[in-house]
Amino acid sequence: MTSMTAARTSSPADRPQLGLRERKKIKTREAIRAATYALVEEQGYEATTIEQIADRAEVSPSTVFRYFPTKEDIVLTDEYDPVLVEELRSRPAGEPWPDSLRHVMREAIRTGVEGDMEVARLRTRLMVEVPAVRSRMMESMSVTGRMLCTAIGERTGRDPDSLEVRIYAMSLIGGLMETSLYWAERGHQDDFTSLVDRTLSVLQHGLPRENP
């Protein structure tokens, strides 16, 4: 979600072990991402080419495109949106939905953003500075939104394709994207967890009467 959250609130023992083929895929994706981040830091986003990324990651350009259709996808894509949805599903059945969401988001930030702060800062800075990255981020929001609609429907008993659920899910994703942009525009000086808490409070209670 917003390509910078990584929820891992259950223990590794609770998850099935990946096969060799899947581990190789993950290793390749990580190598491509690491090469991209390094090159962007060295010479800027626009100057970084797929050929340079492939050479740095020691793969072919066709391999890069097989994993990431566009250069923007390398910056934005991660494997954690489905994990985040699963974590929402695993919360206690009687727990109020806002509490479940707040808990999972805090864990996601702790393991995702705080776990690799430099990458989180780079990603969000590129969202602000590079129109193509921001545009691709907005395109990908619909996919995440559909997954979130399904999770919300399961937790609340509502039709996941209902207007209300769709509005709530996309409001959440849009709010988190704006939170990321706000964080980057202010030079990453704010505490990101506090910003997300404020975002969730607005979604839960509406616009506050006074500025926080």
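Position labels on residues start from 1 in each chain and follow its written sequence. Where local features are concerned, this predicted model is filtered to residues with pLDDT of at least 70; where side-chain atom pairs are given and counted, the filter is 80 or more; whole-chain, interface and lining totals use all residues. Values reported for side chains reflect all heavy atoms of the structure, with hydrogen atoms and water molecules removed beforehand.

### Some points on the overall build of the protein chain
And step 1. Helix and strand assignments follow DSSP, with helices taken as H or I runs no shorter than four residues and strands as E runs no shorter than two, numbered in order from the N terminus. When its secondary structure is counted, the protein chain shows 10 helices and zero strands.
And step 2. Expressed as a percentage of the 212 residues in the protein chain, the buried residues total 42%.
And step 3. The contact criterion used throughout is that any non-hydrogen atoms of two residues lie within 4.5 Å. Here the analysis covers contacts within the protein chain between residues at least 6 apart in sequence; of these, 69% occur between residues at least 24 apart.
And step 4. Per element, the accessible surface of the protein chain, about 11600 Å² overall, is 51% carbon and sulfur. Throughout, exposure labels follow a simple rule: accessible area from a 1.4 Å probe, protein chains only, divided by the maximum for the residue type, with under 20% read as buried, over 50% as exposed, and the rest as partly exposed. Accessible areas in this description were obtained via Shrake-Rupley with a 1.4 Å probe; residue shielding takes into account the shown protein chains only.

### Things to note about the packing of aromatic side chains
And step 1. Aromatic rings from Phe, Tyr and Trp, with only the six-membered ring used for Trp, were paired whenever their centres fell within 6.5 Å, and each pair was classed as stacked if the ring planes differed by under 30 degrees, edge-to-face if by over 60, and tilted otherwise. Enumeration according to the criterion identifies two aromatic pairs in this entry.
And step 2. Measuring from centroid to centroid gives 6.5 Å for Trp-97 and Tyr-168, while their planes differ by 65 degrees, and the two rings are edge-to-face. Of this pair, Trp-97 sits in helix H6 (residues 97-113) while Tyr-168 sits in helix H9 (residues 163-185), placing them 71 residues apart in sequence.
And step 3. Measuring from centroid to centroid gives 4.7 Å for Trp-183 and Phe-192, while their planes differ by 45 degrees, and the two rings are tilted.
And step 4. Residue Trp-183 is classed as buried on the basis of its relative accessible area, which comes to 1%.
And step 5. Exposure remark for Phe-192: the relative accessible area of 6% places this residue in the buried category.

### Some remarks on the pattern of salt bridges
Between side chains of opposite charge, a pair can form when the charged atoms approach closely.
And step 1. For this document, the term salt bridge refers to a Lys or Arg side-chain nitrogen within 4 Å of an Asp or Glu carboxyl oxygen. Scanning the entire structure with this criterion turns up 15 salt bridges.
And step 2. The salt bridge partner of Glu-154 is Arg-89, with a shortest N-O separation of 2.7 Å. On the criterion of sequence distance, the pair formed by Glu-154 in helix H8 (residues 131-156) and Arg-89 in helix H5 (residues 81-90) is long-range, its members being 65 residues apart.
And step 3. Residue Arg-89 is classed as partly exposed on the basis of its relative accessible area, which comes to 32%.
And step 4. Look at the salt bridges and you will find they share partners, linking Glu-41, Arg-125 and Glu-129 into a network.

### Things to note about the environment of Glu-114
And step 1. By the element assignment, Glu-114 lies in the loop between H6 and helix H7 (117-129).
And step 2. Separated by 79 residues in the primary sequence, Glu-114 and Thr-193 place their C-alpha atoms 9.3 Å from one another.
And step 3. In this structure, Glu-114 is in contact with Ile-109 and Thr-193, ignoring residues within four places of it in sequence.

### Looking at helix H1 (residues 20-43)
And step 1. Given a rise of 1.5 Å per residue, 24 residues ought to cover 34 Å, and the 35 Å separating the end C-alpha atoms of H1 matches this to within 8%.
And step 2. Taken together, the buried positions of H1 are occupied by Thr-28, Arg-29, Ile-32, Arg-33, Ala-35, Thr-36, Tyr-37, Leu-39 and Val-40.
And step 3. Downstream of H1 by a residue or two, Gly-44 has a phi angle that is positive, lying close to 95 degrees. Helix span, as expected, comes to 1.5 Å for every residue beyond the first.

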